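Fold and contact review
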Amino acid sequence: PGGKITLGQIDSLSKTSFPLCMRQLHEALRRDHHLKHGGRLQYGLFIKGIGLTLEEALMFWRSEFTKIMEVDKFDKGYAYNVRHSFGKEGKRTDYTPYSCMKIIMSNHPGQGDYHGCPFRHYDADILRQKLVAYGVPHPAIKEIQELVKDSHYQLACARYFEVTHKVSLPHADAINHPNKYVEESRRVHE
Ligand code: SF4
């Protein structure tokens, strides 16, 4: 639904339709003009999944990274990986965007990393501050915190979706993939 997403829509879409995990990656990239390896992988495959072309993806990464480095350095050090994730280099595998399960279970983020799942990987106070900043009302924050405490990260994410979209999801496991989240969100916003 909603058709293909283009580069020009990505900032507004990150606010209305991205799950927390991808919104934090987008914001960190815009702010720091850089993401570490884990973030580039998670976010790079996600934006491919929402429909950006290889050319758009290259333009996107280049426009940020070249604010802090020479174009030449970007082209030599990073462009390869962008093409690689689109299956244009190396073994030419067309890599699939990560599911929630994969993001939650693997590659725990370290210092300076922005990948991962905020419901799983943020400490409780940082998560609460984020939710407040994004306008989630207090009772819903409480519910989300309870779900997180019981390790129901995807349910917490689904609850976040419901509150921020003012809808009820048809079933509890409606959110199992960040790209699915975006699809559902665009359906609601249409
Ligand atoms: Fe992202 Fe999935 Fe975590 Fe939601 S549950 S923030 S979509 S990884």
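Residues take numbers from 1 onward in each chain, read along the sequence in its written order. pLDDT decides what is reported in this predicted model: residues at 70 or higher carry local features, side-chain atom pairs at 80 or more are listed and counted, and totals for whole chains, interfaces and linings draw on all residues regardless. Side-chain descriptors were evaluated using all non-hydrogen atoms of the structure, hydrogens and water having been removed beforehand.

**Remarks on the overall build of the protein**
- Regarding its fold elements, the protein presents 12 helices and 0 strands.
- With respect to the principal axes defined by its C-alpha atoms, the protein has extents near 50 × 35 × 30 Å.
- Note on exposure labels: buried denotes an accessible area under 20% of the residue type's maximum, exposed denotes more than 50%, and partly exposed covers the range between, all computed with a 1.4 Å probe on protein chains only. When burial is assessed residue by residue, the protein has 45% of its 190 residues classed as buried.
- We call two residues in contact whenever any of their non-hydrogen atoms come within 4.5 Å of each other. Considering only contacts within the protein whose residues lie at least 6 apart along the sequence, 61% involve residues at least 24 apart.
- Accessible surface is estimated by sampling points in the Shrake-Rupley manner with a 1.4 Å probe; for residues, cover comes only from the protein chains shown. Summing over all exposed atoms, the protein offers an accessible surface of approximately 9,800 Å²; the carbon and sulfur share of this is 54%. Secondary structure follows DSSP: runs of H or I at least 4 residues long count as helices, runs of E at least 2 residues long count as strands, and numbering of each begins at the N terminus.

**Things to note about the environment of H138**
- Relative to the helices and strands, H138 is located in helix α10 (residues 138-149).
- The exposure class assigned to H138 is exposed, which follows from its relative accessible area of 57%.
- Between the C-alpha atom of H138 and that of H37, which follows or precedes it by 101 residues, the distance is 35 Å.

**What to know about the site of the ligand**
- For this description, a residue counts as near a given molecule or strand if any of its non-hydrogen atoms is within 4 Å of it. Around the ligand sit P19, C21, C100, I103, C117, P118, F119, Q154, C157 and P178, and those are all the residues in its vicinity.
- Contributions of two or more residues to the shell around the ligand are made by α7 (100-105), α8 (118-121) and α11 (153-165).
- Each residue is assigned to one class: nonpolar for Ala, Val, Leu, Ile, Met, Phe, Trp, Tyr, Cys and Pro, charged for Asp, Glu, Lys and Arg, and polar for all the others, Gly among them. Counted by class, the shell around the ligand contains 9 nonpolar, 1 polar and no charged residues.

**Some remarks on the side chain of S14**
- Its location among the elements puts S14 in helix α1 (residues 10-16).
- Here S14 falls in the buried class, since its relative accessible area comes to 3%.
- Each polar contact in these results corresponds to two N or O atoms within 3.5 Å; when the atoms are within protein, one needs to be able to donate a hydrogen and the other to accept it, and residues that are neighboring in sequence are counted only if both atoms are side-chain atoms. A distance of 2.7 Å separates a polar side-chain atom of S14 from the backbone oxygen of D11.
- Residues in contact with S14, not counting those within four places in the same chain, are R23 and H26.

**Describing unusual backbone geometry**
- Within the chain, N107 stands out as a residue other than glycine whose phi angle is a positive 55°.
- Its place among the elements puts N107 in the loop between α7 and α8.
- Residues other than glycine seldom take positive phi values, yet S151 does so here, at roughly 65°.
- Here S151 is to be found in the loop between α10 and α11.

**Examining helix α12 (residues 178-189)**
- A helix is expected to span 1.5 Å for every residue after the first. Here α12 contains 12 residues, and its C-alpha end-to-end distance of 17 Å stays within 8% of the 16 Å for a straight helix at 1.5 Å per residue.
- The complete set of buried residues in α12 reads P178, N179, Y181, V182, E184, S185 and R186.
- Turning to α12, the residues buried within the fold contact α1, α2 (20-32), α3 (37-49), α7 and α11.

**Things to note about the packing of α2 against helix α4 (residues 54-65)**
- Relative orientation of the contacting elements α2 and α4 amounts to 45°, with a least axis distance of 8 Å. By the angle between their axes, α2 is oblique relative to α4. In this structure, α2 uses H26, L29 and R30 to contact α4, whose residues at the interface are F60, W61, S63, E64 and F65.
- A class-by-class count of the residues in the contact of α2 with α4 yields 4 nonpolar, 2 polar and 2 charged. Axes here mean lines fitted to C-alpha atoms, for a helix over just the part in contact, with angles spanning 0 to 180 degrees between N-to-C directions. Orientation labels follow simple angle bins: below 35 degrees gives roughly parallel, above 145 gives roughly antiparallel, 65 to 115 gives roughly perpendicular, and whatever is left gives oblique.

**Considering the environment of C21**
- Structurally, the position occupied by C21 is in helix α2.
- For C21, a relative accessible area of 9% puts it in the buried group.
- Along the chain, C21 and I103 lie 82 residues apart, while their C-alpha atoms are 9.1 Å from each other.
- Apart from residues lying up to four places away in sequence, C21 is in contact with Q42, G116, C117, P118 and P178.

**Things to note about the confidence of the model for the protein**
- As a per-residue quantity, pLDDT reports the predictor's confidence and falls between 0 and 100. In this model, the protein carries a mean pLDDT of 93, and residues with pLDDT of at least 70 account for 98%.
- On the interface metric, ipTM, the complex scores 0.99, and its pTM is 0.94.

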